[in-house]
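Architecture and fold: a report
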Amino acid sequence: CRTSKNVNLFISKYGLSIEEEGGSSQSIYPNPSKGGFSIPDLHKYVLHIVDAVGREMPYIQEGNKITLEETGVYFVHLTEIDGDNMFTQKLIINT
């Protein structure tokens, strides 16, 4: 069972970031992107990227760098491997 937590959404010149109440956060940059973007400490998470209708999208991963080849609006779901925290962020790809 997961508990609800308050989150804060931050938009900066580096992209979109979500901070969970209590200080846990994750960011994607750049966002919007031309196809390639980074997620710090990606090795700590299970990654799923879905489009606006919920279809899982294929991606290429090299370390913390991710590449999507199709233009669109996506949702990046990160779930901590060793915890209960989940983060979902909107990602825009403009190729």
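Presented here is an overview of the structure given in this document. (Residues numbered from 1 in each chain as written. Predicted model: local features only at pLDDT ≥ 70, side-chain atom pairs only at ≥ 80, totals over all residues. Heavy atoms only, no water.)

**Digging into the packing of aromatic side chains**
If you walk through the whole model with that rule in mind, you get one aromatic pair. Judged by centre distance (6.0 Å) and plane angle (75°), the ring pair of tyrosine 45 and phenylalanine 87 falls under edge-to-face. Of the two residues, tyrosine 45 sits in strand 5 (residues 45–51) while phenylalanine 87 sits in strand 9 (residues 86–93), which places them 42 residues apart along the sequence. Among the residues examined, tyrosine 45 registers a relative accessible area of 11% and is labelled buried. When its relative accessible area of 2% is taken as the criterion, phenylalanine 87 is described as buried. (Phe/Tyr/Trp six-rings, centres within 6.5 Å; stacked < 30°, edge-to-face > 60°. Helix = DSSP H or I, 4+ residues; strand = E, 2+ residues; numbered from the N terminus. Buried < 20%, exposed > 50% of the residue type's maximum accessible area, 1.4 Å probe, protein only.)

**A word on the pattern of salt bridges**
Once their charged atoms are close, side chains differing in charge can pair, the charge on each being opposite to the other. Inspection of the entire model under this criterion finds two salt bridges. The partner of aspartate 51 in a salt bridge is arginine 55, with the nearest N and O atoms 2.6 Å apart. The class for aspartate 51 is buried, based on a relative accessible area of 9%. With relative accessibility at 54%, the residue arginine 55 sits in the exposed group. (Salt bridge = Lys/Arg side-chain N within 4 Å of Asp/Glu carboxyl O.)

**What about the pairing of strand 9?**
Side chains of strand 9 alternate between two faces, with Phe87, Gln89, Leu91 and Ile93 buried and Met86, Thr88, Lys90 and Ile92 left unburied. Note that strand 8 (residues 72–80) and strand 9 share eight bridges and pair antiparallel. Directly across from valine 73, in strand 9, lies its bridge partner isoleucine 92. Connecting strand 8 to the next strand, strand 9, in antiparallel fashion are five residues. (Pairing = 2+ DSSP bridges.)

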